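Here is how the chains run, residue by residue.
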Amino acid sequence: MSLKRTPTSNQVGRDVTSSIPASAEGVFGLAGGFSGASRSSGIDRPSRTADDGELDGDNEPGGDPELGGDPELDGELARIWPRAVVHLDVRSNDAHTLYAVAIAQSLLAAHPEADAGVVLPAIMLHDIGWSKVPPDEVLEAIAPGGGREDLVLLHEKEGARLARAILAEAGVPEERTARIVEIIDGHDSRREALSIEDAIVKDADKTWRLTPHGLDTVMDWFGLDRGQALLLCSSRVHAHLFTDAAKALARGLAAIESANLWPERVALELP
């Protein structure tokens, strides 16, 4: 089912769009920019005023301060993304990454102590290493009833190597680059979290599997129906999350997908 973006009817019969708020808690990026409601970016910035001529959004893309964004961090992410996406054309990793960035943003809102300037570049770059794994072997690395730990480790090592170069090109300072690369190199294979930033990256990556896009993707990876995909993903997600926010989000996503599969819901034949 494609994403519904525009209405097919107006059942109330009048225009109510003037009553829609310009922003709302939990919604971010609609005005452009990845950083959304981040609390801390780890970027040192001088205070700015309107007299500086830097508050009109012309110097860096996105990051409207009134919507909670961080213009400096958005500038970094805008430089990182085009360098990352060329490595993400493997097993829907491009869309997976964008959803994981959004989930990480949600978790950052629950953890203001975490450094968004580490979390968001790390989650944006975490899977670029799969581009260096032979395409016909990628899914064998994570297939049910099997798995190739050597390929998982290879994608982490290659991802860390590629990420270091991309971060340098994007102008990310070395101290923060080291923290980002450390998270990428072990984001799947390392069972413990090194920091709250590492925990958020791990949780965002795993929680994606229970999203509609995640289940759609896993179904086609392994030839599963939606119920089978939900069982597989749930078995690989809930017990492996670190933050309470991610655990709650994952339970909610699994509950919604469970309801989608109830015979009563199927019988309604609604979109």
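In case you missed it, the structure is sitting above this.
Here the structure is a predicted model, which is why all the values come from computation and not from measurement.

S.K.: Teacher, can you tell me more about the pattern of salt bridges here?
M.R.: For side chains of opposite charge, pairing can occur when their charged atoms come near one another. Within the structure shown, the criterion is met by 14 salt bridges. With its nearest N and O atoms 3.8 Å apart, the salt bridge here joins E137 to R148. Here E137, found in the loop between α3 (116-125) and α4 (149-169), pairs with R148, found in the loop between α3 and α4; they are 11 residues apart in sequence, far enough to count as distant. The class of E137 is partly exposed, set by a relative accessible area of 27%. Between R164 and E174 there is a salt bridge, with the nearest N and O atoms lying 3.0 Å from each other. Residue R164 is found in helix α4, and its partner E174 is found in helix α5 (residues 174-184); the two are separated by 10 residues along the sequence. You can call R164 partly exposed: its relative accessible area is 36%. Beyond isolated ion pairs, a larger network of salt bridges with shared partners links D115, E175, R179 and E197.

S.K.: Explain the packing of aromatic side chains to me, please; I cannot follow it from the model alone.
M.R.: For any pair of aromatic rings, the description rests on two quantities: the centre-to-centre distance and the angle between the ring planes. Inspection of the entire model under this criterion finds two aromatic pairs. A centroid spacing of 6.2 Å and a plane angle of 50 degrees characterise the contact between W208 and W221, whose relative ring orientation is tilted. Residue W208 is located in the loop between α6 (196-207) and α7 (212-222), and its partner W221 is located in helix α7; the two are separated by 13 residues in the primary sequence. This pair shows no difference in class: W208 is buried, exactly as W221 is. Of the residues examined, W221 reaches a relative accessible area of 18% and is grouped as buried. Through a chain of ring-to-ring contacts, three or more aromatic side chains come together here, namely W208, W221 and F222.

Quick notes on the rules
- Residues numbered from 1 in each chain as written.
- Predicted model: local features only at pLDDT ≥ 70, side-chain atom pairs only at ≥ 80, totals over all residues.
- Heavy atoms only, no water.
- Salt bridge = Lys/Arg side-chain N within 4 Å of Asp/Glu carboxyl O.
- Helix = DSSP H or I, 4+ residues; strand = E, 2+ residues; numbered from the N terminus.
- Buried < 20%, exposed > 50% of the residue type's maximum accessible area, 1.4 Å probe, protein only.
- Phe/Tyr/Trp six-rings, centres within 6.5 Å; stacked < 30°, edge-to-face > 60°.

All we've got here are geometric facts, nothing functional implied.
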